[in-house]
Each structure stands twice: as structure tokens, then as C-alpha cells.
Amino acid sequence: MRACIPLVLAVLCSLAWADLYSAPTSCQGRCYEAFDKHHQCHCNARCQEFGNCCKDFESLCSDHEGFSHSSDAITKEEIQSISEKIYRADTNKAQKEDIILNSQNCISPSETRDQRDRCPKPLFTYVNEKLFSKPTYAAFINLLNNYQRATGHGEHFSAQELAEQDAFLREIMKTAVMKELYSFLHHQNRYGSEQEFIDDLKNMWFGLYSRGNEEGDSSGFEHVFSGEVKKGKVTGFHNWIRFYLEEKEGLVDYYSHIYDGPWDSYPDVLAMQFNWDGYYKEVGSAFIGSSPEFEFALYSLCFIARPGKVCQLSLGGYPLAVRTYTWDKSTYGNGKKHIATAYIVSSA
């Protein structure tokens, strides 16, 4: 696949008065200001999600020093090196012949709010479902029906559903992808044992907290991989397997995309617009063709090394940035925070 437009440089000024209005083009003194449609580029907290940041947003507004419970910072170069190792280790990923994608209409970021269906055909023309019989895929798919998508409704897991969480973690920890990640974090003094790492992943991703009025109505895993609906909009939902399964059932209607990544094999990246059973997703970035452990590993790496910040990765020689957010209203363990969300924000 190739990019239809670079995500970081996606927004081009198309307003009629653009030539008459000299809008600021730097984030100097503007970090995390409120969105202003009259500006040529932006410095608000979601500009990377929509691909319309000023060129110096990263250097002026992002804190590059990431910490977990260790006092030692993990460098950008170390993150890029381990992300390349994880990329190479993903032997469970889809091969070219396993997926036929029909990305169709590429739109500009200024059109994402239109909620227009510009693609008459599904995104996935074909997926080799033999992939889903692989242990990590099967364990992942078992988790997807354990959640209520509407926030404000408490999640209550059965013994079987809790066992499925453990089974997923157990299966992914058998893979070379997660072994690479654990070895790296152990070397970085983040975890003293594999069991400590697994326990932290379970709390980090599956621990419940409240996004709405109901206690314990959300988790990082539900938000990122399964998807939620809050205030009439789709939030999270950054997983290609979930998308394919819902599209196959007629519950997802693919509308368009604003970015198609530069990778010529899987995993690739797509930033898209879609309707999920009556609710719209304005910008949803997702890996395509990656294994569940690959996504879980990269998002976990970024959350541990750059919690609440932008995380600069390298995959097959191409740069990729992931943004994570911490859930600050509750903690677990010794003051640790749950993951609120993680998603791809740029690839160039």
C-alpha cells in the first residue's frame, strides 16, 4: 500500500479566505490551545489524531522523557530499535495473499466531519479466516463479545470471561513478539520477572474504570480494541480484526480514508471513517494485517515508555508515531495508572 497523503502533513488549507488570512504556522506559545478553525495548522491535544499539527508541534509541545516506575528514561533510539525487533518478530501477521483490501476513496481531513459514505463497497474484499484459528487470534476474538459498547453501563465479567483474559495473556506471552518486549523492558529495569510483567499488563489493559456515570464501565482493552460509544460517537475501535468481523456482520459501513500507509506488506496502517451500527467514527487509525500480539506489544511499549505522550517508533524502516493517554481518575497497585487509549497519530 502507499500513502494517499502523509498523515502528519495531511491538512491543506482549502478555505476561500486562506490567501487573505495570515494564520500562525508555529506552535510557539500555542501548545494545547483550543481548536480554532481559522488557523492553518494546530497545536491542540488532538491535532496529531487529525493530522493537522504545525510542523514544530512535536519539538515544542511533546515531552520526550518517558518514565515508568524506573528512574531511567528509555531513549527514542531504544524505542525505535525495539519496535523494529518487534516488527521483524511478528511471524503471525497476515501475508499479502491473506487480505484483499479495497480502500477506495481517499478524502482530505477537512471532509471527515461530513459523515458521507463515499465508498460503496466494503473495506475488506477478502480475509483468509484461517488466521483466526491461530492461538493468539482465537484468544483475542474470544474477548471481543465480553463488553457493552455504550459507556455508562458497568462491565461485570463472568468467571469464563476473566479466564479468557488470562488465556489471551498466556497465549501472547508465548510469542516471539512479546518475548522481545519483555526482554527489553526487563533489561530496562521495568520488570523483575515475567509474572510481574503479565500482572501489570492485566491491570493496565483489563482493569475497569469509569468513563461515564456507572462505576467500572470501561477499560483500555475495551476502548482500543473493541470500541465504545460515548455521547453518540464511536470512541476507540482501532483494530482491524474487530472491524472485519463487524463489517462481515453488516454492522460496520466503511465510508472513506484519509491515509494509507507506505508499507508494501502487512502490517500496514489505514486512517478511516466509518459508521458502526448507527454511530460515526470521524478518524479511526488502525494497523491492518498485524497479529493481536503485535498491536498489544507496541501499544504497551508506548504506554510504559511514553505514558500520556507521543511515542516515536520505526517499523520496516518507516517512522510511526503512537499516542497514549493515561486514565488519571483512578490507579492500581502502587499508584499506577490504567491505559485510557492508544492510537496511531502519524507515519511521516
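Each value, and the rule that gives it
Residues numbered from 1 in each chain as written. Predicted model: local features only at pLDDT ≥ 70, side-chain atom pairs only at ≥ 80, totals over all residues. Heavy atoms only, no water. Disulfide = S-S within 2.5 Å. Helix = DSSP H or I, 4+ residues; strand = E, 2+ residues; numbered from the N terminus. Buried < 20%, exposed > 50% of the residue type's maximum accessible area, 1.4 Å probe, protein only. Pairing = 2+ DSSP bridges. Lys, Arg positive; Asp, Glu negative; His and termini not counted. Salt bridge = Lys/Arg side-chain N within 4 Å of Asp/Glu carboxyl O. Polar contact = N/O pair within 3.5 Å; in protein donor to acceptor, adjacent residues only side chain to side chain. Contact = heavy atoms within 4.5 Å. Axes fitted to C-alpha atoms, helices over the stretch in contact; angles between N-to-C directions. Parallel < 35°, antiparallel > 145°, perpendicular 65-115°, else oblique. Left-handed = near helix turned anticlockwise from the far one by under 90°. Nonpolar A, V, L, I, M, F, W, Y, C, P; charged D, E, K, R; others polar.

K.L.:
I keep staring at the state of the cysteines and nothing clicks. Help me out?
P.N.:
Following the criterion strictly, the structure yields 3 disulfides and no others. Shown here is the disulfide that connects C27 with C43, its sulfur atoms set 2.1 Å apart. On the S-S bond that ties C27 to C43, the torsion sits near -100 degrees, and the link is left-handed. Of this pair, C27 sits in the segment before α1 (47–50) while C43 sits in the segment before α1, and the two are 16 residues apart along the sequence. The exposure class of C43 is buried, given its relative accessible area of 1%. C119 takes part in no disulfide bond, and the closest cysteine sulfur, belonging to C106, lies 9.5 Å away. Overall, C119 belongs to the buried group, its relative accessible area being 1%.

K.L.:
What is the right way to look at the pairing of strand β8 (residues 310–315) in this model?
P.N.:
For a regular strand, the rule is simple: side chains alternate between the two faces of the sheet. Burial within β8 is extensive, with 6 of its 6 residues counted as buried. Residues V310, Q312 and S314 point to one face of β8 and C311, L313 and L315 to the other, with burial holding for every one of them. With 6 bridges connecting them, β8 and strand β9 (residues 318–332) associate as antiparallel partners. The residue bridging L315 from the neighbouring strand is Y318, located in β9. What sits between β8 and β9 in their antiparallel hairpin is a turn of 2 residues, with G316 showing a positive phi close to 60 degrees.

K.L.:
For this particular structure, what's the right way to read the side chain of D98?
P.N.:
Mapped onto the elements of the fold, D98 is located in the loop between α3 (76–89) and β1 (99–101). Buried and without a salt bridge, D98 has K134 as its closest oppositely charged side chain, separated by 6.3 Å. A polar contact is formed between the side chain of D98 and the backbone nitrogen of Q95, at a distance of 2.8 Å. Those residues in contact with D98 that lie beyond four places of it in its chain are Y126, V127, N128 and L131.

K.L.:
For this particular structure, what's the right way to read the packing of helix α4 (residues 135–143) against helix α5 (residues 159–172)?
P.N.:
Describing two packed helices takes the angle between their axes plus the distance from one axis to the other. At a closest axis distance of 9 Å, the pairing of α4 and α5 adopts a crossing angle of 155 degrees. Taken as axis vectors, α4 and α5 run roughly antiparallel relative to one another. Relative to α5, α4 is oriented so that their crossing is left-handed. Contacts from P135, T136, A139, F140, N142 and L143 of α4 reach α5 at E164, Q165, A167, F168, E171 and I172. Of the residues contributing to the contact of α4 with α5, the split by class is 7 nonpolar, 3 polar and 2 charged.

K.L.:
Just to check I follow, could you spell out the pairing of strand β7 (residues 279–288) for this structure?
P.N.:
Summarising burial for β7: 9 of the 10 residues are buried, a large majority. With 8 bridges joining them, strand β6 (residues 268–276) and β7 adopt antiparallel strand pairing. Residue pairing for β7: V269 is matched across the bridge by F287. A loop of 2 residues connects β6 with β7, the two strands running antiparallel in sequence, and D277 in this loop sits at a positive phi of about 50 degrees.

K.L.:
Explain the sheet that holds β8 to me, please; I cannot follow it from the model alone.
P.N.:
Sheet strands associate in pairs through backbone hydrogen bonding, adopting either a parallel or an antiparallel arrangement. Spatially, the 3 strands line up as an open sheet ordered β8-β9-β10, and their pairing is antiparallel. In the strand order of this sheet, the two ends are held by β8 and β10 (336–346), each with one partner. Here the average twist between neighbouring strands, direction ignored, is 30 degrees. As defined by bridge partners, β9 adjoins β10 across 9 bridges and the pair is classed as antiparallel. Within β10, the position partnered with W327 by the bridge is H338. Contacting β8, β9 and β10, helix α10 (residues 292–305) runs over the sheet at an angle of about 70 degrees to β9.

K.L.:
Looking at this structure, I do not really get unusual backbone geometry. What am I missing?
P.N.:
Working note: non-glycine residues mostly have negative phi, and peptide bonds are mostly trans. Between Y266 and P267 the backbone carries a cis peptide bond, its omega angle lying at 5 degrees. The residue P267 is located in the loop between β5 (252–260) and β6 in this model. With a phi close to 55 degrees, Q115 is a non-glycine residue in the positive phi region. Mapped onto the fold, Q115 is located in the loop between β1 and β2 (124–127). Residue classification places Q115 among the partly exposed positions, given a relative accessible area of 48%. Its identity is not glycine, yet D277 carries a phi of approximately 50 degrees, on the positive side. Examined against the element boundaries, D277 turns out to sit in the loop between β6 and β7.

K.L.:
Looking at this structure, how should I read the pattern of salt bridges?
P.N.:
Side-chain pairs of opposite charge can arise where the charged atoms are in close proximity. On inspection of all chains with the given rule, the structure shows 11 salt bridges. When the shortest N-O distance is used, the salt bridge between E282 and R113 registers 3.3 Å. Of this pair, E282 sits in strand β7 while R113 sits in the loop between β1 and β2, placing them 169 residues apart in sequence. The exposed category is assigned to R113, whose relative accessible area is 57%. Among the ionic pairs, R242 bridges to E246, the shortest N-O distance being 3.7 Å. Placement of the pair is R242 and E246 together in helix α9 (residues 240–248), with a separation of 4 residues, close to one helical turn.

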